[in-house]
Amino acid sequence: MRQVLTLPTEILTHLNEYQKFILENRPEEKLPNWAKKGKFHSEGRPEYATSLECLNSTPADLHDGFPPDSYGYDLNVASMNKVIKHESHKFTDEEFVWIEKYKEKSAWIDEVIGNYIGFKFCALKMYYPPDGYIAWHTNWNVPGYNCLFTYSDGSGYWRHMDSSQEEQGSLRPTNDKLVHIQDINGWHCKLGYYGEKQEHNKIMWHSAFGGPRITLGFVVGDPVIWDDIVDEITSAETEQSQQ
């Protein structure tokens, strides 16, 4: 997992516009009837979602790749449409107006950022309110190269398990392989490959905590395109290091 702290101006300009829209129109205020899930939050232990105890609470071979719990708002168009399909009776007319606004902004960021980097699909556009989180999972049901943009005030964090030295047959590294990455204040990007269940040394167990926090996750399938994306996203940082 490679962390990029200095992003190209062209990308950062679009990300800042998206962040400004979301934080000026926070979903927890505009969509009070949206079910945020959050089993651990309702139990009064939101940070349990990123603990090693939580990670080890379910046998790895039973994991399906999806996060077992989260507390936040997935603002992807498909995700919002799914919520409307099953829970439309919960929302007021004003909430429906805001859902459409979030969908428009979601489609816009896909076009200006996603198409710019040649993405296969957007895995999530997650807004985490205070004490928001996503519990340990792998995404091994949708393997690929991942470009993860995150905005934070610096209080949140990301965790993953380093599987690079794992042997054949391993599904989850031992506790000593925990990697904790504190957010910075502002935008940064994480670049990495999330492997299939059979790719023992490329499996990416990960979780995150904190809020307000915004994460945009784009998945790329073509390794050639991926190399170009890495060069582009790291270009500002590379230039900075050469000065």
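About the thresholds
- Residues numbered from 1 in each chain as written.
- Predicted model: local features only at pLDDT ≥ 70, side-chain atom pairs only at ≥ 80, totals over all residues.
- Heavy atoms only, no water.
- Buried < 20%, exposed > 50% of the residue type's maximum accessible area, 1.4 Å probe, protein only.
- Helix = DSSP H or I, 4+ residues; strand = E, 2+ residues; numbered from the N terminus.
- Arc of directions from axis to C-beta.
- Polar contact = N/O pair within 3.5 Å; in protein donor to acceptor, adjacent residues only side chain to side chain.
- Pairing = 2+ DSSP bridges.
- Contact = heavy atoms within 4.5 Å.
- Axes fitted to C-alpha atoms, helices over the stretch in contact; angles between N-to-C directions.
- Parallel < 35°, antiparallel > 145°, perpendicular 65-115°, else oblique.
- Nonpolar A, V, L, I, M, F, W, Y, C, P; charged D, E, K, R; others polar.

Next up on the list: helix H7 (residues 223-233). Listing the buried residues of H7 in full gives Trp226, Ile229, Val230 and Ile233. One side of H7 carries all its buried residues, which in axial view fall inside an arc of 100°. Exposed side chains of H7 directed beyond 90 degrees from the buried face belong to Val224, Asp228 and Asp231. Between the side-chain oxygen at the start of H7 and the backbone nitrogen of Val224 there is a gap of 2.8 Å, and the oxygen is on Asp222.

Reading across the sheet, the 5 strands line up as S2-S5-S10-S7-S8 and stay open at both edges, with antiparallel pairing between neighbours. Bordering the open sheet on either side are strand S2 (70-71) and strand S8 (178-182), each of which pairs with just one other strand. Two strands pair when backbone bridges link them, and strand S5 (residues 133-137) and strand S10 (residues 206-209) are joined in this way by 3 bridges, in the antiparallel orientation. What sits directly across from Tyr133, in S10, is Phe209.

This next bit is on the environment of Ile233. As for its placement among the helices and strands, Ile233 is situated in helix H7. Distance in space between the C-alpha atoms of Ile233 and Gln3 is 11 Å, their sequence separation being 230 residues. Leave out the neighbours within four places in its chain, and Ile233 touches Val4, Thr6, Leu7, Pro8, Ile11, Ile117, Cys147, Phe149, Cys189 and Leu191.

Their axes nearest at 10 Å, the elements helix H1 (residues 9-24) and helix H6 (residues 93-117) cross at an angle of 170°. Classified by the interaxial angle, the pair formed by H1 and H6 is roughly antiparallel. Across the interface between the two elements, Glu10, Ile11, His14, Leu15, Glu17, Tyr18, Phe21 and Ile22 of H1 pack against Trp98, Lys101, Tyr102, Lys105, Trp108, Ile109, Val112, Ile113 and Tyr116 of H6. Residues of the contact of H1 with H6, tallied by class, amount to 12 nonpolar, 1 polar and 4 charged.

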